[in-house]
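Structural overview
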Amino acid sequence: MLRNTSHSYGKVARALHWLCALAVIAALVFIELKGNVPKGDPVRSGLGYAHVQAGLIVLLLVLPRLAWRLGNPPPGISPAPSPLMKLLAHAGHWALYALMLALPILGIAFIQAKGGEVALFGLGLPSFMPNSPELGKSLKELHELLGNVLLWLSILHAAAAVWHHFIVKDDTVTRLTGPIR
């Protein structure tokens, strides 16, 4: 089943969720590893390149994911969560979507503002930022701050899934991982 049902996410939603998760994890891992490699080392620039590629993949995946989410409401949770839990879950999910959209755009913007070019696997992206090192520095700082927010929000998201599965014992996780019904 491609579409979501009232009890579980469909194949498209599942694929987009896990592909986005893998791309976000890759981007975070690459940038964290880059910080441990000395400047001037070719491994460092390779990790930076990999980080940018993973970020661009996130951007390419989050757009269809948002479209799919808007056209395919998520299945209900059984037993139903409290209104507060529902509100927190919605806020967390939409914050994740916003960050997955904003971070790659900010990354492109700060690289271009600092005079660099951005390419997805060799295919150059059009430049939309003026050459302004000061603006580039500010955008980079915002990108890094929001990247840390994404890291912690992702950890909280995964912890909430574990909490739902093992403590609350509802079907929050199995709607995404179990058989499609």
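Calculation notes
- Residues numbered from 1 in each chain as written.
- Predicted model: local features only at pLDDT ≥ 70, side-chain atom pairs only at ≥ 80, totals over all residues.
- Heavy atoms only, no water.
- Helix = DSSP H or I, 4+ residues; strand = E, 2+ residues; numbered from the N terminus.
- Buried < 20%, exposed > 50% of the residue type's maximum accessible area, 1.4 Å probe, protein only.
- Contact = heavy atoms within 4.5 Å.
- Areas by Shrake-Rupley, 256 points an atom, 1.4 Å probe, with all protein chains shown as cover.
- Lys, Arg positive; Asp, Glu negative; His and termini not counted.
- Charge placed at Lys NZ, Arg CZ, Asp CG, Glu CD.
- UniProt positions renumbered as here; feature names shortened; annotations may be inferred.
- Axes fitted to C-alpha atoms, helices over the stretch in contact; angles between N-to-C directions.
- Parallel < 35°, antiparallel > 145°, perpendicular 65-115°, else oblique.
- Left-handed = near helix turned anticlockwise from the far one by under 90°.
- Nonpolar A, V, L, I, M, F, W, Y, C, P; charged D, E, K, R; others polar.
- Phe/Tyr/Trp six-rings, centres within 6.5 Å; stacked < 30°, edge-to-face > 60°.
- Lys NZ or Arg CZ within 6 Å of the ring centre and 35° of its normal.
- pLDDT = per-residue confidence, 0-100.

Some points on the overall build of the protein
Along the protein, the regular secondary structure elements total five helices and two strands. The order of helices and strands in the protein, counted from the N terminus, is α-α-α-β-β-α-α. For the protein, the residues scored as buried account for 35% of the 181 residues in total. Pairs at least 24 apart in sequence give 70% of the contacts found in the protein among residues at least 6 apart. When the accessible surface of the protein is totalled, it reaches about 10700 Å², and 73% of it is carbon and sulfur. The positive charge centre, built from 15 side chains, and the negative charge centre, built from 8, are 11 Å apart in the protein.

Some words on the UniProt feature "domain: Cytochrome b561 bacterial/Ni-hydrogenase" (unreviewed entry) in the protein
UniProt annotation of "domain: Cytochrome b561 bacterial/Ni-hydrogenase" (unreviewed entry) refers to residues 9-177 when read in the numbering used here. When the span residues 9-177 is considered, its composition is 74% helix and 2% strand, and the gap between its end C-alpha atoms is 9 Å.

Some thoughts on the UniProt feature "transmembrane region" (unreviewed entry) in the protein
On the UniProt side, "transmembrane region" (unreviewed entry) is annotated at positions that read residues 15-35, 47-67, 87-111 and 145-166 here. Within the segment residues 15-35, helix and strand shares are 95% and 0% respectively, and the terminal C-alpha atoms sit 31 Å apart. The span residues 145-166 is 100% helix and 0% strand, and its two end C-alpha atoms sit 32 Å from each other.

What about the packing of helix 2 (residues 42-71) against helix 3 (residues 83-113)?
The contact between helix 2 and helix 3 brings their axes to 9 Å, and the two run at 140 degrees. Taken together, the axes of helix 2 and helix 3 are oblique relative to one another. Where helix 2 crosses over helix 3, the two elements pack in a sense that is left-handed. Along the contact surface, helix 2 presents Val52, Gly55, Leu56, Val58, Leu59, Val62, Leu63, Arg65, Leu66, Arg69 and Leu70, while helix 3 presents His90, His93, Trp94, Tyr97, Met100, Leu101, Pro104, Ile105, Ile108 and Ile111. In terms of residue class, the contact of helix 2 with helix 3 is built from 16 nonpolar, three polar and two charged.

Remarks on the packing of aromatic side chains
Applying the stated criterion across every chain, the model contains one aromatic pair. Summarising the aromatic geometry, the rings of Trp94 and Tyr97 are spaced 5.0 Å apart at their centres and angled 65 degrees between planes, so their arrangement reads as edge-to-face. You can see Trp94 and its partner Tyr97 sitting in helix 3, three residues apart, about one turn around the helix. Looking at Trp94, the relative accessible area reads 36%, which means it is partly exposed. According to the relative accessible area criterion, Tyr97 is buried, its value standing at 5%. Arg3 extends its terminal NZ or CZ atom over the ring of Trp68, reaching a point 5.8 Å from the ring centre.

So, the confidence of the model for the protein
On average, residues of the protein score 96 in pLDDT, and 100% of them are at 70 or above. Confidence, read as mean pLDDT per element, is least for helix 5 (residues 174-177) in the protein (95) and greatest for helix 1 (residues 11-34) (98).

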